[in-house]
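# Descriptive analysis of the structure
Each chain, written out:
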Amino acid sequence: MNSTASVPGRTLPRLWFHGLVCEDPAQSAATLARLGVSRLVHGRSASDVFATRAAGLEPWVCLGALSVPREDTHLHCRSLDGEPRYWFGSGCPSNPEVRKLLLERVREAAGWGAAGILLDGIRFASPYEGPDTFLTCTCRWCHAAAADHGISLGRVATALREARDRLAGATDAEAGVLAAGLTAPFDTLAYLSGSELLLQWLRFRSAIIADAIAEVRAVIDAAAPGTSLGAYVFTPSLAPLVGQDYRLLEANLDVVAPMVYRLGDGPACLAPEIRGLAGLARSIGPELREATALRLLGLSAGGRPGIQEGPELAVDAVAIEVRRARARLRCRAELVPVLWLDDPSVASAVAASLQGAPEGISFFPTGDQREQRLAQVAAYFEQCRLSP
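Residues numbered from 1 in each chain as written. Predicted model: local features only at pLDDT ≥ 70, side-chain atom pairs only at ≥ 80, totals over all residues. Heavy atoms only, no water.

Tallied over the full model, the rule gives five aromatic pairs. Ring centres of Phe 134 and Trp 201 lie 5.4 Å apart, and the angle between their planes is 70 degrees; on these two criteria the pair is classed as edge-to-face. With a gap of 67 residues between them, Phe 134 in helix H4 (residues 131-134) and Trp 201 in helix H9 (residues 196-223) connect regions that are remote in the sequence. Residue Phe 134 is classed as buried on the basis of its relative accessible area, which comes to 4%. A residue is classified by how much of its surface remains accessible, and Trp 201, at 6% relative accessible area, is buried. Taking the centre distance of 6.3 Å and the plane angle of 35 degrees together, the rings of Tyr 261 and Phe 364 count as tilted. (Phe/Tyr/Trp six-rings, centres within 6.5 Å; stacked < 30°, edge-to-face > 60°. Helix = DSSP H or I, 4+ residues; strand = E, 2+ residues; numbered from the N terminus. Buried < 20%, exposed > 50% of the residue type's maximum accessible area, 1.4 Å probe, protein only.)

Once that is clear, we can look at the nonpolar core. In this structure, Phe 17, Leu 119, Ile 122, Phe 363 and Leu 374 are the most contacted members of the largest nonpolar core, which totals 118 residues. A total of eleven residues in this core trace back to one element, the largest contributor, which is H9. (Core = buried A, V, L, I, M, F, W, Y, C linked by side-chain atoms within 4.5 Å.)

So, about the packing of helix H3 (residues 96-110) against H9. Between H3 and H9, the least distance of the axes is 9 Å, while the angle of their chain directions is 30 degrees. The two elements H3 and H9 meet at a crossing, and its hand is right-handed. Here Arg 99, Leu 102, Leu 103, Val 106, Arg 107 and Ala 110 of H3 lie close against H9, whose contacting residues are Ile 208, Asp 211, Ala 212, Glu 215, Val 216, Val 219, Ile 220 and Ala 223. Considered class by class, the residues forming the contact of H3 with H9 number ten nonpolar, no polar and four charged. (Axes fitted to C-alpha atoms, helices over the stretch in contact; angles between N-to-C directions. Left-handed = near helix turned anticlockwise from the far one by under 90°. Contact = heavy atoms within 4.5 Å. Nonpolar A, V, L, I, M, F, W, Y, C, P; charged D, E, K, R; others polar.)

Moving on to the environment of Ser 237. Residue placement: Ser 237 occurs in the loop between strand S8 (228-233) and helix H10 (246-249). The exposure class assigned to Ser 237 is buried, which follows from its relative accessible area of 9%. Along the sequence, Ser 237 and Gly 298 sit 61 residues apart, while their C-alpha atoms lie 7.1 Å from each other. Ignoring anything within four residues of it in the chain, the contact list for Ser 237 reads Leu 270, Leu 297, Leu 299, Glu 321 and Arg 324.

Put into structure tokens, the structure is as follows:
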């Protein structure tokens, strides 16, 4: 599938857009097409898909992968203390009823005639949700699934409790020593290799999510052969924490779309996720624990100043994460980083993304002035086309 726009001496990625730029779908589609967007993620029915295609855009639909009602606590993940935990509107990825609901949604959407389906929230809980929710799941379905993968979830849970308690009582001096020793990715690997049970927990999470996506792939191939499958995923620095191993996912995905939100406040946004991870060591001063978390994730850019700018990360972080994503994929799946359209430096974020040679760039809007902001991107792309 050719996913880039070629011009003399320059190859630029396709532009994707999630949602609408105005309330009128037809007018929105026409505006998006004029501004260079070719793939639109929008719609909840076959008629929506038809309208998108009629406007000259390639239609994709997005599904909340693990969505369950808040009141159905029997579907929720369980904390280390056995309490139900509800995050991002999701249930436990190991629960067979949650998986059944996922496959039913996919089967229905496959009949709408879209070019592709994007899964959102296909993961375990993240640091943003807080320690007790992040350190899940210990339900009976996870115990059984772990055993199938040769892992004792009981032993893993014990190790997680010990790590949680140890981090909660860590000192500034301990954090300083750790941060000083984390200067390259291999330092983080060496640090984690001393905690085999923690690594088993991460591997278990990744195996469960990979299994779920494989089931989705099978349903799509049976119900609508030729329909593409993609997923909104965390950035490479965070993805292993939530069960998203790019190399496992790529086996069944046509599009890998890391959400590279350098600012914002919510799941997948880099700054709050880093603060959530740092919050595990709550007895350490905020500045030191966040600096340590940045080093642990490899986002301190070798100690260069400017990677962290208050509640956001510098544009450098976008380039780092997209380059990492490119390195982790074996080129079976298209790489389509997702940027927050409301970023005041959105054109700079696009330029940073291009360092990872993505096949596409997608935009997720939350505020107004969507057309104006997208026009900035279009102007930047036109400049790229005209430059030698």
